[in-house]
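Residue-level structure breakdown
Here is how the chains run, residue by residue.
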Amino acid sequence: MADPATSLPLTRSSVEAAHALIKPHIHLTPVLTNSTLDALASTPTAPGAAAPKLRLFFKCENLQRIGAFKARGAFHAVKRLLAEPGFLENGGAEKGVITHSSGNHAQALALAAKEHNIKARIVMPSISVPQKIAATQGYGAEVIFSGSTSVEREAVTAKVIAETGARLVPPYDHPDIMLGQGTMGLELQEQVRELQAAAKPGTALKGLNAIITPCGGGGMLSGVALSCEGTGIKVFGSEPSFEGADDAKRGYESGQRVESVKTLTIADGLRTPLGKAPWSVIFERKLVSGMYSVTEEQIVAAMRLVFERMKLVVEPSACVPLAVVLFDEDFRRMVEREAGEEGWDLGIVFSGGNVGADALGRHFGVVKE
């Protein structure tokens, strides 16, 4: 990995520079709306419950290359590494890059390495979704299996680095990754303004009031927060609560980062602890306004709604923000209080769509208690 000391500063302008660098390699994913989900989000879940007025804008990173937002950070990290003096001259392409990932970052780095003629090795948990393993191998990467926890994955990764000299491209805990992921926030802000202008020509554009994203290691959430710095747009994070997967929420509320997580939540992309670098943006700089969590049942309910009402294939991790918006009473009361009668235009990130038909059937048929 490029030395973090050589990375651009963690600012909105650096996110803009990252966007210019990776733009030729990524899709400008669409932003969609849905009146049915707007109505559901604005309706009390029970008598006396909150009734926030919400207009939802969905950033569809499930339609990004490799089916997830991770392509942004991976391409930015690889482009920055290639620009490092001496990297190619010292056999960097042959030594290659390595990472550990449950699937989406694995595919993203495999693709970025392939397009830049670099060897890629990926450490993946043996319980990873089969389709993600196959896709990673399909991009030409060598897959090395490990246990499911972050500690187990990191140990295998360190061993391979010692044997091969490969450069680590971590899935989230690095400035280059964070800045790359933040590029979706820039696009979302501009696309919403364009949609507002088309809906009400000639009126003043107010843009988004807030954005909510999933949070695993925190690369996306911190990057989006950087993209909103100085704009007045609030940013929120969302997590599963199953088996302590809400580590970022617990850390945010206690003021102490939780450094390890062991969970088998169905939101497999969110099983990792919040990274140190993302923490510095999310908590220490207070660029994220709050963290919320939801149950497995609520994630599946949101996923079903997206599938049936929007006709989109999204993985469980991608549905966590919508589940918060629809079901988390603390979030809904906060919006009701802060947005008032005018309501909020809220951006929601669909982070990925890498889920197989067999898994969809299992999720909709059986839910953990």
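Residues numbered from 1 in each chain as written. Predicted model: local features only at pLDDT ≥ 70, side-chain atom pairs only at ≥ 80, totals over all residues. Heavy atoms only, no water.

**Notes on helix α14 (residues 316-327)**
Its twelve residues place the ends of α14 15 Å apart at the C-alpha level, agreeing with the 16 Å of an ideal helix rising 1.5 Å per residue. Those residues of α14 lying buried are P316, S317, A318, C319, V320, P321, L322, A323, V324, V325 and L326. (Helix = DSSP H or I, 4+ residues; strand = E, 2+ residues; numbered from the N terminus. Expected span 1.5 Å × (residues − 1). Buried < 20%, exposed > 50% of the residue type's maximum accessible area, 1.4 Å probe, protein only.)

**A short note on the sheet that holds strand β6 (residues 167-168)**
Each strand in a sheet pairs with another by means of backbone hydrogen bonds, the pair being arranged parallel or else antiparallel. With parallel pairing, four strands are arranged side by side in an open sheet as β5-β4-β3-β6. Either end of the sheet is taken by a strand with one partner, and the two such strands are β5 (142-146) and β6. Two strands pair when backbone bridges link them, and strand β3 (residues 97-100) and strand β4 (residues 120-125) are joined in this way by four bridges, in the parallel orientation. Directly across from I98, in β4, lies its bridge partner R121. (Pairing = 2+ DSSP bridges.)

**Structural notes on helix α5 (residues 104-115)**
With twelve residues, α5 should reach 16 Å at 1.5 Å per residue; the first-to-last C-alpha distance of 17 Å fits that figure. For α5, the buried fraction is high: ten of the twelve residues fall into the buried class. Buried within α5 are the following residues: N104, H105, A106, Q107, A108, L109, A110, L111, A112 and A113. Just beyond α5, the residue with positive phi is N117, at close to 60°.

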